Amino acid sequence: MSFPTIPQITPTISIDRAQVVNLLLASIAFEELGLAHLINAEAEKLQAALGTLPGLSVTVSSFAGLITINREVRKTLQTIIKKEMLLQFKLENILEIPPQTTVVPNGVVE
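Let us look at the structure shown here. (Residues numbered from 1 in each chain as written. Predicted model: local features only at pLDDT ≥ 70, side-chain atom pairs only at ≥ 80, totals over all residues. Heavy atoms only, no water.)

1. A closer look at the overall build of the protein chain
Tallying secondary structure elements over the protein chain gives 2 helices and 0 strands in all. Here the protein chain, with 110 residues, has 11% of them falling under the buried criterion. Roughly 9000 Å² of accessible area belongs to the protein chain as shown, and the carbon and sulfur atoms make up 64% of that amount. (Helix = DSSP H or I, 4+ residues; strand = E, 2+ residues; numbered from the N terminus. Buried < 20%, exposed > 50% of the residue type's maximum accessible area, 1.4 Å probe, protein only. Areas by Shrake-Rupley, 256 points an atom, 1.4 Å probe, with all protein chains shown as cover.)

Next up, the structure:
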């Protein structure tokens, strides 16, 4: 089997520091939004199992069934918490990005 031929691609991307920081912050915001949707879905799952979700009359008939659903919701929420911690680290790293400095020809940093 031969290796695929990959064309030479030299993309030119021109963004400044402020745009980079804004894009990184936006990526965190979108991930947070996705996690919020997951948390809401897990809450609705519990409400449906308990029969308290408006417009839906699906209930779990046994205590063991409720425990199983609760266990699965707990696992999902633990995973979401782990992701939240990673996003916190990402935010802290973004906040540590040094401000842009300009070096003029005489060697003075502005």
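2. Looking at the nonpolar core
If you look at the biggest cluster of nonpolar residues, it comprises 6 residues: V21, I28, L35, I80, L87 and I94. Those elements that place two or more of their residues in this core are helix 1 (17-50) and helix 2 (63-95). The contact partners of I28, leaving out residues within four places of it in the chain, are L87, K90, L91 and I94. (Core = buried A, V, L, I, M, F, W, Y, C linked by side-chain atoms within 4.5 Å. Contact = heavy atoms within 4.5 Å.)

3. Looking at the pattern of salt bridges
Summed over the entire model, instances satisfying the criterion amount to 4 salt bridges. For E31, the salt bridge goes to K83, with nearest N and O atoms at 2.7 Å. With a gap of 52 residues between them, E31 in helix 1 and K83 in helix 2 connect regions that are remote in the sequence. Overall, the relative accessible area of 24% leaves E31 in the partly exposed class. Linking K90 and E31 is a salt bridge whose minimum nitrogen-to-oxygen distance equals 3.3 Å. Linking K90 in helix 2 with E31 in helix 1, this pair joins segments that are 59 residues apart in sequence. K90 gets classed as partly exposed once you look at its relative accessible area, which sits at 28%. Because the salt bridges share partners, they merge into one network encompassing E31, K83 and K90. (Salt bridge = Lys/Arg side-chain N within 4 Å of Asp/Glu carboxyl O.)

4. Structural notes on helix 2
Taking 1.5 Å per residue, 33 residues should reach 48 Å; helix 2 reaches 47 Å between its end C-alpha atoms and fits that length. In this fold, the buried residues of helix 2 make contact with helix 1. (Expected span 1.5 Å × (residues − 1).)

5. Considering the packing of helix 1 against helix 2
Running from N to C, helix 1 and helix 2 cross one another at 170°; their axes reach a closest spacing of 10 Å. Looking at the two axes, helix 1 sits roughly antiparallel to helix 2. With respect to the hand of their crossing, helix 1 and helix 2 are arranged in left-handed fashion. (Axes fitted to C-alpha atoms, helices over the stretch in contact; angles between N-to-C directions. Parallel < 35°, antiparallel > 145°, perpendicular 65-115°, else oblique. Left-handed = near helix turned anticlockwise from the far one by under 90°.)

6. Examining the environment of R74
Note on placement: R74 falls in helix 2. The spatial distance from the C-alpha of R74 to the C-alpha of E42 is 9.0 Å, given a sequence separation of 32 residues.

7. Some remarks on helix 1
Across its 34 residues, helix 1 extends 50 Å between first and last C-alpha, which sits within 8% of the 50 Å expected from 1.5 Å per residue. Of the residues making up helix 1, those classed as buried are V21, I28, L35, E42, A48 and A49. The inward-facing, buried residues of helix 1 abut helix 2. The positive-phi residue at the C-terminal boundary of helix 1 is G51, with phi of around 80°.

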